[in-house]
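Close look at the chain arrangement
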Amino acid sequence: VQLQASGGGLVQAGDSLRLSCTSSGSTTSNDNMGWFRQAPGKEREFVAGSRWSGGSPRYSDSVKGRFSFSKDRAKKTVYLQMNSLNPEDTAVYYCAAASSLIWSALVIPESWHYWGQGTLVTVSS
């Protein structure tokens, strides 16, 4: 499975960005899709996740209310709409996919099977 992420860039605080991630794999076999981010010198952290098969997305507390996860199954593409960006959101953003995943473990990077190459988001103050 290959994941191609795009949409990162340099923005100012308060701006918005939308990230995209297109999967080459089956949406049935790899039901779980997620977004993580890694800031310089920090560990990779969970941002948002959802399933192709349905259910409400899950968000980290740090982005809840500002970021929105959506998906287009026909295009095998998931999106991360990021609003009200602040400098603390600066990171490389990665999309991830997993076939089977215990939902309680989705925040753990090691739970995911496939990773995209990452796209850099830089938010200036």
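Here the structure is shown first, and the text comes after it.
Now for a quick tour of the structure. Just so it is clear, the structure is predicted and the values come from calculations on it, not from any experiment.

Thoughts on the state of the cysteines
- Within the structure shown, the criterion is met by one disulfide.
- At a sulfur-sulfur separation of 2.1 Å, the disulfide partner of C21 is C95. Residues C21 and C95 are joined through a disulfide that is right-handed, its torsion about the S-S bond being 60 degrees. Of the two residues, C21 sits in strand 3 (residues 17-23) while C95 sits in strand 9 (residues 91-98), which places them 74 residues apart along the sequence. Just as C21 is buried, C95 falls in that class too.

Here we look at the environment of V47
- Among the secondary structure elements, V47 is positioned in strand 5 (residues 45-51).
- Overall, V47 belongs to the buried group, its relative accessible area being 0%.
- Sequence separation between V47 and S62 is 15 residues, and the spatial gap between their C-alpha atoms is 8.0 Å.
- Residues contacting V47, with those up to four places away along its chain left out, are W35, F36, R37, R58, Y59, S60, V63, F67, L80 and Y93.

What to know about the sheet that holds strand 7 (residues 67-72)
- Strand order in the open sheet made by the four strands is 1-3-8-7, with antiparallel pairing throughout. Strands with a single pairing partner mark the edges of an open sheet, and in this sheet they are strand 1 (3-6) and strand 7. Each adjacent strand pair in this sheet contributes to an overall mean axis angle of 15 degrees, direction not counted.
- Note: strand 3 against strand 8 (residues 77-82), six bridges, orientation antiparallel. When the bridges of strand 8 are listed, L19 appears paired with L80.

Digging into unusual backbone geometry
- The backbone of K76 shows a phi angle near 50 degrees, a positive value even though the residue is not glycine.
- Among the secondary structure elements, K76 is positioned in the loop between strand 7 and strand 8.
- In this structure, S84 takes a positive phi of about 50 degrees despite not being glycine.
- Summarising the element assignment, S84 is placed in the loop between strand 8 and strand 9.
- Here S84 falls in the partly exposed class, since its relative accessible area comes to 44%.

Looking at the environment of D15
- Secondary-structure assignment places D15 in the loop between strand 2 (9-12) and strand 3.
- Put simply, D15 and V121 are 106 residues apart on the chain and 12 Å apart in space, counted from C-alpha to C-alpha.
- In this view, D15 contacts M82, N83, S84 and L85; residues no more than four positions away in its chain are not counted.

Focus: the pattern of salt bridges
- The final tally for this structure, using the stated rule, is four salt bridges.
- Ionic pairing is found between R37 and E45, a salt bridge with its closest N-O pair at 2.6 Å.
- On the basis of relative accessibility, which here comes to 35%, the residue E45 falls in the partly exposed class.
- A single network of salt bridges, built from pairs that share partners, joins R37, E45, R66 and D89.

Reading the values: the criteria
- Residues numbered from 1 in each chain as written.
- Predicted model: local features only at pLDDT ≥ 70, side-chain atom pairs only at ≥ 80, totals over all residues.
- Heavy atoms only, no water.
- Disulfide = S-S within 2.5 Å.
- Helix = DSSP H or I, 4+ residues; strand = E, 2+ residues; numbered from the N terminus.
- Buried < 20%, exposed > 50% of the residue type's maximum accessible area, 1.4 Å probe, protein only.
- Contact = heavy atoms within 4.5 Å.
- Pairing = 2+ DSSP bridges.
- Axes fitted to C-alpha atoms, helices over the stretch in contact; angles between N-to-C directions.
- Salt bridge = Lys/Arg side-chain N within 4 Å of Asp/Glu carboxyl O.

Nothing here speaks to function; it is geometry throughout.
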